[in-house]
Amino acid sequence: MTLKKHKITKSDGHFISKINDARHWGIEGDILPEMNELDKVIVTYNKVKITFPKEAVKNMFQFAINTDYIGVSKFEDRTYFFYSQNSDGAGAY
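Everything quoted here is computed from the prediction, not taken from an experiment. (Residues numbered from 1 in each chain as written. Predicted model: local features only at pLDDT ≥ 70, side-chain atom pairs only at ≥ 80, totals over all residues. Heavy atoms only, no water.)

**What to know about the confidence of the model for the chain**
Argument step 1. In this model, the chain carries an average pLDDT of 75, and 73% of its residues clear a pLDDT of 70 or more.
Argument step 2. Least confident of the elements in the chain is strand S2 (residues 15–19), whose mean pLDDT is 79; most confident is strand S4 (residues 48–52), at 85. (pLDDT = per-residue confidence, 0-100. Helix = DSSP H or I, 4+ residues; strand = E, 2+ residues; numbered from the N terminus.)

This is how it looks when you write it as structure tokens:
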């Protein structure tokens, strides 16, 4: 992850309170160089390729590639929900 492409707002002098003026997910404390950031989600569901909008996955960090905790559900005809369990430990979401 490149910190240069993000606007980081800190509280109490060191804890991250916002990234790009929005709430972040999956970080408690500070960003470490080895942390990952979810960039996009593309899923094939019942032979239909679904690309989730960038806005839907922005500021999600520490995405865990564990298929036990990843899924897609369909609601009505055109609404899909992507879910996963992610965290840096205490910053779980």
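**Focus: the pairing of strand S3 (residues 41–45)**
Argument step 1. Here five bridges tie S3 to S4, and the two strands are oriented antiparallel to one another. Each residue of the ladder has a partner; that of Val-43, found in S4, is Ile-50.
Argument step 2. Hairpin connection of S3 to S4: two residues between the antiparallel strands, including Asn-46 at a positive phi of 50 degrees. (Pairing = 2+ DSSP bridges.)

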